[in-house]
Structures are given as structure tokens and as C-alpha cells.
Amino acid sequence: MSSRLPAKADEDCEGRVGGYGAFALGGRLRRLSDRIDRDAKSIYEKMGVEFEQRWFPVFNCLRGGEALSVTEISDRLGISHVSVSVTRKSLEAAGLVTSTQDKSDGRRSVLALTSRGETLSMELGPLFAALDLAAADLNADAGNAITAIERLEKALDTKSLSERAGLFLKES
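Here is what the cut-offs are and how they apply
- Residues numbered from 1 in each chain as written.
- Predicted model: local features only at pLDDT ≥ 70, side-chain atom pairs only at ≥ 80, totals over all residues.
- Heavy atoms only, no water.
- Patch = residues over 30% accessible without salt bridge, like charges linked within 9 Å, V, L, I, M, F, W, Y side chains within 5 Å.
- Areas by Shrake-Rupley, 256 points an atom, 1.4 Å probe, with all protein chains shown as cover.
- Salt bridge = Lys/Arg side-chain N within 4 Å of Asp/Glu carboxyl O.
- Helix = DSSP H or I, 4+ residues; strand = E, 2+ residues; numbered from the N terminus.
- Buried < 20%, exposed > 50% of the residue type's maximum accessible area, 1.4 Å probe, protein only.
- Pairing = 2+ DSSP bridges.
- Contact = heavy atoms within 4.5 Å.
- Core = buried A, V, L, I, M, F, W, Y, C linked by side-chain atoms within 4.5 Å.

**Concerning a nonpolar patch on the surface**
Inference 1: A surface patch of nonpolar side chains, amounting to about 660 Å² of accessible area, comprises Leu 25, Leu 29, Leu 32, Ile 36, Leu 138, Leu 152, Leu 156 and Leu 161.
Inference 2: Elements represented by at least two residues in the nonpolar patch include exactly α1 (21-47) and α6 (145-158).
Inference 3: Of the residues forming the nonpolar patch, the biggest block, 4 residues, is contributed by α1.
Inference 4: Relative to the helices and strands, Leu 25 is located in helix α1.
Inference 5: What makes Leu 25 partly exposed here is its relative accessible area of 32%.

**A word on the pairing of strand β3 (residues 109-113)**
Two faces belong to every sheet, and in a regular strand the side chains alternate between them.
Inference 1: Judged from the 2 bridges that link them, strand β1 (residues 68-69) and β3 form a sheet pairing that is antiparallel. Bridging from a neighbouring strand, Ser 69 pairs with Val 110 of β3.
Inference 2: As paired strands, strand β2 (residues 97-101) and β3 are joined by 5 bridges and run antiparallel to one another. Each residue of the ladder has a partner; that of Val 97, found in β3, is Leu 113.

**Digging into the environment of Leu 62**
Inference 1: Locating Leu 62 in the fold gives a position in helix α2 (residues 56-62).
Inference 2: Take Leu 62: its relative accessible area is 1%, and that puts it in the buried class.
Inference 3: It is 7.6 Å that separates the C-alpha atoms of Leu 62 and Leu 111, two residues lying 49 residues apart in sequence.
Inference 4: Those residues within four positions of Leu 62 in sequence are excluded, and the remaining contacts are Leu 68, Ile 73, Val 97, Leu 111, Ala 112 and Leu 113.

**Some details on the nonpolar core**
Inference 1: Residues Phe 51, Phe 59, Leu 62, Ile 73, Leu 96 and Leu 124 are the most contacted members of the largest nonpolar core, which totals 23 residues.
Inference 2: Counting residues per element, the ones that place at least two in this core are α1, α2, α3 (70-77), α4 (81-93), β3 and α5 (115-141).

**Describing the pattern of salt bridges**
Inference 1: Considering all chains together, one arrives at 4 salt bridges under this definition.
Inference 2: For the salt bridge of Glu 66 with Arg 76, the shortest nitrogen-to-oxygen distance reads 3.3 Å. In this pair, Glu 66 is assigned in the loop between α2 and β1 and Arg 76 in helix α3, connecting sequence segments 10 residues apart.

Below, the structure written as C-alpha cells:
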């Protein structure tokens, strides 16, 4: 067995992420995301606005007034089509986004803010700007965490977690 793998599950894993390897890394990133989303949600609630933080990336893409396809949004955000489609359905149910057939390609649809979505966009503009500044302040206090996250994303692009784990399993 590789000296890099613990012999037993309860063996001291000092030096690994929080003692639990990738399980801790993924879990901590999810908890961090959830924490930020809860904080943003509390601000929306205090303002009396029905808006879910998970809508923000797609909603923000549409704030410029340009109608965009799911593929265009997916590409701009670097997320899956499925994620965009799920968010689109939720935004449509809230009456903030509408979907229409693309005039140049009838096989695809384009998304745009409804008049209610445009009104909400204007109302939330100052809050979005404040949240952006708060995020920049938080990032600075955290020693430029965004750069570390970008390095993590690039490392995963180079070699996925499953590929890395496979290498360690071959050693054992």
C-alpha cells in the first residue's frame, strides 16, 4: 500500500484536507456556498424581495437586456445546460423570465427578463452592487480566495479527482 494512503480509516491523516481528504474539500466548499447563499437570502428577505440566490448567475446574464439561449448562458457561466434549464424553470415559475423560440434557429429557445424581471433587476441593482463590493472585501480578507479557487479549477481541468484517486488506487 502506498505510504500516501492511510492503512486504516481512523488513522491520523494530518496534512490531508482537514484530516478527511477530498471529502472535506467538497463538503467545505458546499458549506461555504450554502453559508453565502443563506446570508444573501437573509438580505433579500429583509428587503421584502422574493429572490433566490441560486437564480443570480442566470438572472444577471439577462440583466443587460439581451435575449440569450440556454447554451449561451451555460457557456458564459461555465455551468451545465441542465443547471441553466433548472434555474430557467424556476425563474419562469416566479414570473421573472420568459422563453421564446429563437427567430434564427427554431430548434432552440432564448430567454429574456419579463417586465417583472426587469423591474426587479432595477430594484436589486444597488443590492447587487453592494454584494459585489462585499464579496471583493471578503475575498481580500481571505487572502484572495478567488485565485485559489481558480487554481483548484485549473488543477481539476488538468486531472480530475477520479483520475487522481485512480492513480493512488493503482499504487496500493
